[in-house]
Each structure stands twice: as structure tokens, then as C-alpha cells.
Amino acid sequence: MTISIGQAIAIGIVYYLGNIGTPWLSLLGSISIVYKPLVAGTLVGFILGDPVQGCIIGAAINLPYIAFISAGGTAPQDPGLAGTVGTAWALAAGVSPAAAVTIALPLGLLGTMIWVLHMTLDVTFVHMADKAADEGDLDKICFLHVVPPQILMFFFCVIPATVATYFGAEAVQGIIANLTGTPLHIFEVFGVFL
């Protein structure tokens, strides 16, 4: 399966909409239901034209994250990136759901790095809001609380997910083609254990 640039961008937007702190599909900026790999995988399946297989792969990727919580704002893994890009790669490569888990879990670690970078840069908006509070400018505080962080998060979510989906799908297809047989079976076994 070939993934077009339009599909890759749509998958990047799904990742953004499901991320922690986006107010569009969540209650008060909490975790969105799209953050779950089962839901994200189904949406990716719709984008790529196979929602049933996307749901199956998303459900398999969701299993290691079944007890995921983000206590105190920490994000030990990012199920959103694993669910979106992992499902896209698995659909493009045509692998089993068990092998998809093995492909997707490292993406969760990468997503955590993106999250930490995003939160580190968001601190600058807090300092700007503090300065606006000293000036008594409530409108500026509200603006700095929502708009710049969402723009920054949009770019930090959509660009990496789009690039990974568009360019990574072909690379994963090549790797899977070279691993057919026993090596791919080993990945599937690891995926079952995970």
C-alpha cells in the first residue's frame, strides 16, 4: 500500500487531535479518546481505506497501553503516536496485528520525546503570561494560555507524524520484505508477549 502526502497529513492531524492538551476533542484539555490506539487506528484505517484492519491493528497496539495513565502530567509512553503512525506503517506493510505491536511500541518512546520538547518550549508562554498578569492584561493571558501552545503543538504533532508516515511506510515495507519467514515470526512472537 502506498500512502499519499494527503493521507499522511490527515494521519498527522489525527495524532494532533488526540494529543494531551488539545481542547478540540477532549474535556478541558484532558486526554482525548482519539489518544487511544484503538480509536486512532480505526481513524487511520478510514484514511487509508481499510477501517476494519485499522481497528484490528489499533486494538492490538492498544493492549500494551491498556492501563496507561498520565499521572501528574507525566507521559512514560505516547500511545497516540504508536496508534496513528504504527497503524499506518502496519497497514502499508501488510503485517499481522502482533507484528504491528512490535513496530509501534518504539514510536511511543519517540512520542514521549516530542512531548517533552513541546512542554519545555511551552514554558516560554507561561513566562509571557506572568508578564501580562503583572500588567493586568487578562485578554493577553487567555490568548497566551491557548493559542501559541496549540500552534506549537500542531506543528510538533503534525509534522513528525506526517514525515514518519509518508517516508517511513516505504522503509517499513522494505524491512518487512527482508524479514519474511523466521525473523518476521520472531517479531510476531515478541508482539504477542508485549
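Bear in mind the structure is a predicted one, so any value in this text is a computation, not a measurement.

A. Expanded view of the nonpolar core. Judged by nonpolar contacts, the single largest core of 37 residues is most densely connected at I3, L48, I61, L81 and V95. Contributions of two or more residues to this core are made by α1 (5-18), α2 (37-48), α3 (51-62), α4 (79-93), α5 (97-135) and α6 (138-178).

B. Structural detail: the environment of Y35. With respect to the element layout, Y35 can be found in the loop between α1 and α2. Looking at Y35, its side chain comes within polar contact range of the side chain of D78, at 3.0 Å.

C. Inspection of a negative patch on the surface at higher detail. On the surface, a cluster of negative charge is made up of D130, D134, E135, D137 and D139. Among the elements that take part in the negative patch, α5 stands out by supplying 3 residues, more than any other. Of note, D134 is situated in helix α5. Residue classification places D134 among the exposed residues on the basis of a relative accessible area of 72%.

D. Spotlight on the packing of aromatic side chains. All chains considered together, the criterion is met by 3 aromatic pairs. The interplanar angle of 75° and the centroid separation of 5.1 Å between the aromatic rings of Y16 and F154 together place this pair among those described as edge-to-face. With Y16 in helix α1 and F154 in helix α6, this pair connects stretches of sequence that are 138 residues apart. We classify Y16 as buried; its relative accessible area is 6%. When the ring of Y166 is compared with that of F167, the centres are 5.0 Å apart and the planes differ by 80°; the resulting orientation is edge-to-face.

E. The packing of α2 against α3, seen in detail. Where α2 contacts α3, the two axes come as close as 7 Å, and the packing angle between them is 155°. When the axis of α2 is compared with that of α3, the two are roughly antiparallel. Here α2 and α3 pass one another in a crossing that is right-handed. Residue-level contacts link P37, L38, G41, T42, G45 and F46 of α2 to P51, G54, C55, G58, A59, I61 and N62 of α3. Taken together, the residues of the contact of α2 with α3 sort by class into 7 nonpolar, 6 polar and no charged.

F. Here's a closer look at the side chain of D122. Here D122 shows up in helix α5. There is no salt bridge for the buried D122, and the closest opposite charge comes from K140, which lies 16 Å off by N-O distance. Those residues in contact with D122 that sit more than four places away from it in its chain are P149 and L152.

G. Main features of the packing of α3 against α5. For the pair α3 and α5, interaxial distance at closest approach is 8 Å and the crossing angle is 60°. As far as their axial angle goes, α5 and α3 are oblique. Once α3 is placed against α5, the crossing between them reads as right-handed. Along the contact surface, α3 presents Q53, I56, I57, A60 and I61, while α5 presents P97, A100, V101 and A104.

H. Here's a closer look at α3. Here α3 contains 12 residues, and its C-alpha end-to-end distance of 16 Å stays within 8% of the 16 Å for a straight helix at 1.5 Å per residue. All of the buried residues in α3 are G54, I57, G58, A60, I61 and N62.

Conventions we followed
Residues numbered from 1 in each chain as written. Predicted model: local features only at pLDDT ≥ 70, side-chain atom pairs only at ≥ 80, totals over all residues. Heavy atoms only, no water. Core = buried A, V, L, I, M, F, W, Y, C linked by side-chain atoms within 4.5 Å. Buried < 20%, exposed > 50% of the residue type's maximum accessible area, 1.4 Å probe, protein only. Helix = DSSP H or I, 4+ residues; strand = E, 2+ residues; numbered from the N terminus. Polar contact = N/O pair within 3.5 Å; in protein donor to acceptor, adjacent residues only side chain to side chain. Patch = residues over 30% accessible without salt bridge, like charges linked within 9 Å, V, L, I, M, F, W, Y side chains within 5 Å. Areas by Shrake-Rupley, 256 points an atom, 1.4 Å probe, with all protein chains shown as cover. Salt bridge = Lys/Arg side-chain N within 4 Å of Asp/Glu carboxyl O. Lys, Arg positive; Asp, Glu negative; His and termini not counted. Charge placed at Lys NZ, Arg CZ, Asp CG, Glu CD. Phe/Tyr/Trp six-rings, centres within 6.5 Å; stacked < 30°, edge-to-face > 60°. Axes fitted to C-alpha atoms, helices over the stretch in contact; angles between N-to-C directions. Parallel < 35°, antiparallel > 145°, perpendicular 65-115°, else oblique. Left-handed = near helix turned anticlockwise from the far one by under 90°. Contact = heavy atoms within 4.5 Å. Nonpolar A, V, L, I, M, F, W, Y, C, P; charged D, E, K, R; others polar. Expected span 1.5 Å × (residues − 1).

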